[in-house]
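# Residue-level structure breakdown
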Amino acid sequence: MVSRRDFLKTSGALIVSFSAVPAGERSAFAQGPFATRPSQIDPTQLDAWLSVANDGSVTAYTGKCELGQGILTAQTQLVAEELSVPFARVHIIQCDTAVTPDQGTTSGSQSTPTNFNDGSLALAAATARQALLALASTRLSVPADQLTIADGIISARSDPSKRVTYGALVGNGKFLLPLDRAAKRKPHDEWTILGRPVPRVDMPAMATGQFEYVHNVRVPNMLHGAVVRPSSAGATLATVDEGSLAGLAGVVKVVVKNNFVGVVAARPWQAMQAANALKVTWTDGPPLPSQASFYNWLRAQPARDALVVNSKDVDENMSKAASIVKATYLHPYQMHGSMGPSCAVADVQGGKATIWSPTQSAYPTRNGVAQLLGIPPESVHVIFVRGSGCYGINGADTVSFDAALLSQAVGRPVRVQLTRKDEMAWENYGFAYVIDQRAGVDANGTIVAWDHEAWFGSRGGRPGNMPGNVVTGMLAGFTAAPFRPAQAAEPSGAFRNGSNAAPSYVAGRIGREADGAGTIASERVLTHTVQSPFFTGPLRSPSRLQNTFAHESFLDEVAAHVKADPVAYRLRHLSDARLKEVVAAAAKAANWQTRPSPAANASSRTGASGAQAATGRGIACVAYEGDNGYVAMVAEVVVNRTSGAITTKRLVVAQDCGPVSNPNGMRNQIEGGALQGLSRALGEEVTWDDRKVTSIDWRTYHSLPLGFEVPVIESVLIDRVGVPALGAGETAITIVAAAIANAVFDATGARLRQVPFTADRVKAAMDLVARP
Amino acid sequence: MSNITLIVNGRQQTVDVEPAMPLLYVLTDDLALRGPKFGCGLGQCGACTVLVGGRAIRSCVTPVSTVAGAEVTTLEGLGTPERPHPIQQAFIDEQAAQCGFCLNGVILTAKAFVDQRPRATEAEIQQAMSGVLCRCFSHARMLRAIARYAQEV
């Protein structure tokens, strides 16, 4: 039987990467002038996934695309391994609505679970191998179990002269077979290509400037567009003075649709200059909530509530507890901040559209573009071309919409390159959060009840069938997914922790089943979704990261309250064997010294030796999305007691994501996730004034540059065989902020509860400790 | 518009452009080069970096007229996938990228610095890279690749 969780994971089309959307809201996605059309590619058929050419080369078609995470190389390894063909003879076509199956969105750490286990691409490759063996058996008159395969050649074990190539068996033809659920994957112990540190296929072209990004796409007769975004959030268009462009070279057209304003010109620089010169006046909308009091504002808004788990005895157990620990954690809006502002090319002519787009979601974006343009989905062809790394929904969909609108208006292909400010001021930001934690502790120091309550702002998201979910669609007059405040229903069905709203330490009991990673039976996890003033969307480890910062910091606070060692205290409250194993592995690799935090003399302003530098270590862990990757991290930091500056010296990460497809690729993801997490923890915060976002470039949004003192990163990979392969791209980043905060506490006794940990905030926290 | 002549990756190129137009647009639009990238247009991130006379400059804020007649080298001017330059080889060997969009600025900034100061310390290399961003945060591998190149020259 397929559980709901398994079903959601393996049926690509149903995956929504932000899983807090209640089922009742989904019906809204079906509205619009045209219903979503299914792909014409039938994913139940082998030919949808694989073809073999006369020369024996293999082409595979995937709906999971390369965003910089290495999945292109890993999928190439997968197909080469299953079919026993050389790596170099496998070619992958990614996310093209004309030829690839609809696998929804490349997001949510689902590419590996979807394509590397027992369905989709892996099943296709296994089915093809089995089919080729059957064809060879007939051709060679040798039973299939007496055949062997190497380098795309099938031969008889007993007589190697009896042989036939894949090309000769099916070359350029079709298999005409359904995927076979019973087709067997190649056993792990026979792997020679999967599981190896195969270098990235795209690296030489990237390192030599030959790689084609979407920014480099040029099509015949193409023009260039630029957009003019509103002067402030919520502003509406008053006037556009086309006369202001008089005398500017190359201007082709000014395009206005509701609050969407763009210009088309012959060349990119001309388009950019025209967008700067165009005189546009706007009428301000209501002012933005004050950033200074924003977290209190969040708590006061109408909310859509959800209970992840509720044992209904939390208050009672709190009242009986020997002591209660409480804390509140704050996390700001953060941005994807891609290196390259987003870019797309659209060709909309004769009622048909072709979009060259860096989108994560070829098919959902096809449907969104169709609605935006008022043409049926089957008239829209979305071709994925790689953009700058996105880390979630950056401007890729918005710019695809921009290009589509401008191309439709001029009847020629249009390329749109957003500016840095266009990208940053109008992103779907990662969610801001306020999280209250409360724990009851018994006389033995054991946590007997955990109460979690969170508020976060959300608006818009992925395009799907709602063009208004992305900025351009909203500006063009479409509405975002509706927001309806609602009371929480009691939890029912299976415990789902996809957003890591529940800490790893609770039992996660709903009905008779307890599917959490921990032991605390008295548990309540309540979330309040409120309407954000800004557009939001998945940003690497969406909600999981914010929730985990609060959980893992708070567990440390409780451990310190009972004077317990942070590692031992975690292990004491966990039940999940895999999570316990990574905690123990990280502690061992870091040579963790068992003792409570803070360190002796930590709270002394000058330290035992009068030193300005305080050193400390902290740990954090998570079962990502409850069951999609297990990771623990030990951070070692030095805190400057005078300036409040944090220097991270060492990060030790232990990770178990099932069988490892490419260990070097996994290490690359761990290292990148760890440092991106560090940048987000130490400096990244979207800022705004009463009208508009003021984080509009790299001076006003702070990303750690290449020159910062990079910590030593040590990765311990637990290559677990015989279990499903899990996501590995969002694990490490999820636990960085808590590991750092816990290390700072160990060093100084000061507790950081608000991200980012700027030097001023660290100093303020240290002052609180110094004052008795 | 006016005719401006540049020597790009060893080839003389004459383009008819506005003199104030940033060099980046000439390279990516008129000459269809893929190495230099538009990252911010503000000289803040390094993605648009090119070498002019061996020095790393930010082409997004450099009017093309100011480099007329100069020798400009872009990332594709260093080496090819088949015959990469040693610093490109170092990045390939270290698998030092994720999305790769920043690689242009990282490699060219590092090359210009290390070529001038072959015995640079780790701290000096970090200082030289302090104005370059990578949002995938492949920093650790990139610094290893730069150190590897520094040892070779």
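Bear in mind that the values here come from a model prediction, so they are computed numbers and not experimental data.

Cut-offs and rules
Residues numbered from 1 in each chain as written. Chains lettered and ligands numbered in written order. Predicted model: local features only at pLDDT ≥ 70, side-chain atom pairs only at ≥ 80, totals over all residues. Domains from an automatic or database assignment. Contact = placed C-beta atoms within 7 Å. Helix = DSSP H or I, 4+ residues; strand = E, 2+ residues; numbered from the N terminus. Pairing = 2+ DSSP bridges. Axes fitted to C-alpha atoms, helices over the stretch in contact; angles between N-to-C directions. Core = buried A, V, L, I, M, F, W, Y, C linked by C-beta atoms within 7 Å. Buried ≥ 20, exposed ≤ 12 C-beta atoms within 10 Å, placed from the backbone. Right-handed = clockwise from strand over helix to strand, strands pointing away. Expected span 1.5 Å × (residues − 1). Nonpolar A, V, L, I, M, F, W, Y, C, P; charged D, E, K, R; others polar. pLDDT = per-residue confidence, 0-100.

### Overview of the domain arrangement of chain B
Residue and element names in this part refer to chain B.
- Its domain assignment divides chain B into domain 1 (2-78) and domain 2 (86-152).
- Listed per partner, the contact involves 14 residues of domain 1 and 13 residues of domain 2.
- Among the elements of the structure, β3 (49-52), β4 (55-58) and α2 (75-78) are those that each provide at least two residues to the side of domain 1 that touches domain 2.

### Details of the environment of B:Gln44
- With respect to the element layout, B:Gln44 can be found in the loop between α1 (23-30) and β3.
- In the structure, B:Gln44 is positioned 87 residues away from B:Gly131 in sequence and 6.8 Å away in space, judged by C-alpha atoms.
- In this view, B:Gln44 contacts A:Asp697, A:Trp698 and A:Arg699; residues no more than four positions away in its chain are not counted.

### Quick notes on the sheet that holds strand β5 (residues 153-156) of chain A
Residues and elements named next belong to chain A.
- An order of β4-β5-β6 is seen for the three strands of this open sheet, with the pairing classed as antiparallel. Of all the strands in the sheet, just β4 (147-150) and β6 (163-165) have a single pairing partner and so form its edges. Averaged over all neighbouring strand pairs, the angle between strand axes comes to 20°, with direction disregarded.
- In the packing of helix α5 (residues 120-140) onto the sheet, the strands contacted are β4, β5 and β6, and the crossing angle to β5 comes to about 50°.

### As for the nonpolar core
Residues and elements named next belong to chain A.
- Residues Ala586, Met633, Ile740 and Val744 are the most contacted members of the largest nonpolar core, which totals 288 residues.
- The element best represented in this core is helix α20 (residues 736-748), accounting for ten residues.
- What alanine 586 contacts, discounting residues up to four positions off in sequence, is Ile619, Ala632, Met633, Val634, Val652, Val653, Ala654 and Val716.

### Notes on the environment of A:Val721
- By secondary structure assignment, the location of A:Val721 is in the loop between β26 (712-718) and α19 (731-734).
- Beyond its immediate chain neighbours, meaning those up to four positions away, A:Val721 contacts A:His188 and A:Pro659.

### Quick word on the pairing of β26(A)
Residue and element names in this part refer to chain A.
- Taken together, the seven bridges between strand β25 (residues 646-656) and β26 define a ladder with parallel strand orientation. Bridge pairing in β26 links valine 653 to serine 715.
- Between the parallel elements β25 and β26, the chain passes through helix α18 (residues 663-682) in a crossover that is right-handed.

### Details of α18(A)
- Taking 1.5 Å per residue as the helical rise, α18(A) with its 20 residues ought to reach 28 Å, and the 28 Å between its terminal C-alpha atoms agrees with that figure.
- Along α18(A), 18 of the 20 residues are buried, which leaves the element largely enclosed by surrounding structure.

### Examining the interface of chain A and chain B
- Between chain A and chain B, the residue contacts involve 50 residues of the former and 53 residues of the latter.
- Looking at the side of chain A that touches chain B, the elements with two or more residues in it are α7 (203-207), α8 (268-277) and α18 of chain A.
- Per element, the largest residue contribution to the side of chain A that touches chain B is seven residues, and it comes from α18(A).
- Along the lines of polarity and charge, the residues of the side of chain A that touches chain B split into 19 nonpolar, 21 polar and ten charged.

### A closer look at helix α17 (residues 577-589) of chain A
Residue and element names in this part refer to chain A.
- For α17, spanning 13 residues, the distance from its first C-alpha to its last is 18 Å, which sits close to the expected 18 Å at 1.5 Å a residue.
- Regarding α17, the residues found buried are Arg578, Leu579, Val582, Val583, Ala585, Ala586 and Ala587.
- In this structure, the buried side of α17 is in contact with α16 (566-573), β23 (613-623), β24 (630-640), β25 and β26.
- Just downstream of α17, asparagine 591 is the residue with a positive phi angle, here 55°.

### Structural notes on the confidence of the model for chain A
- On average, residues of chain A carry a pLDDT of 93, and 94% of them reach 70 or more.
- Considering only residues more than four positions removed or in separate chains, one finds that residues 1-33 of chain A, a stretch of pLDDT under 50, has 54 contacts.

### Things to note about the sheet that holds strand β1 (residues 50-52) of chain A
Residue and element names in this part refer to chain A.
- Ordered by their spatial adjacency, three strands build an open sheet running β1-β2-β3, and the pairing between neighbours is mixed. Each edge of the open sheet carries a strand with a single partner, namely β1 and β3 (90-94). Neighbour-to-neighbour, the strand axes of this sheet turn through a mean angle of 20°, independent of strand direction.
- Against the sheet, helix α3 (residues 71-83) touches β2 (58-62) and β3, its axis set at about 130° to β3.

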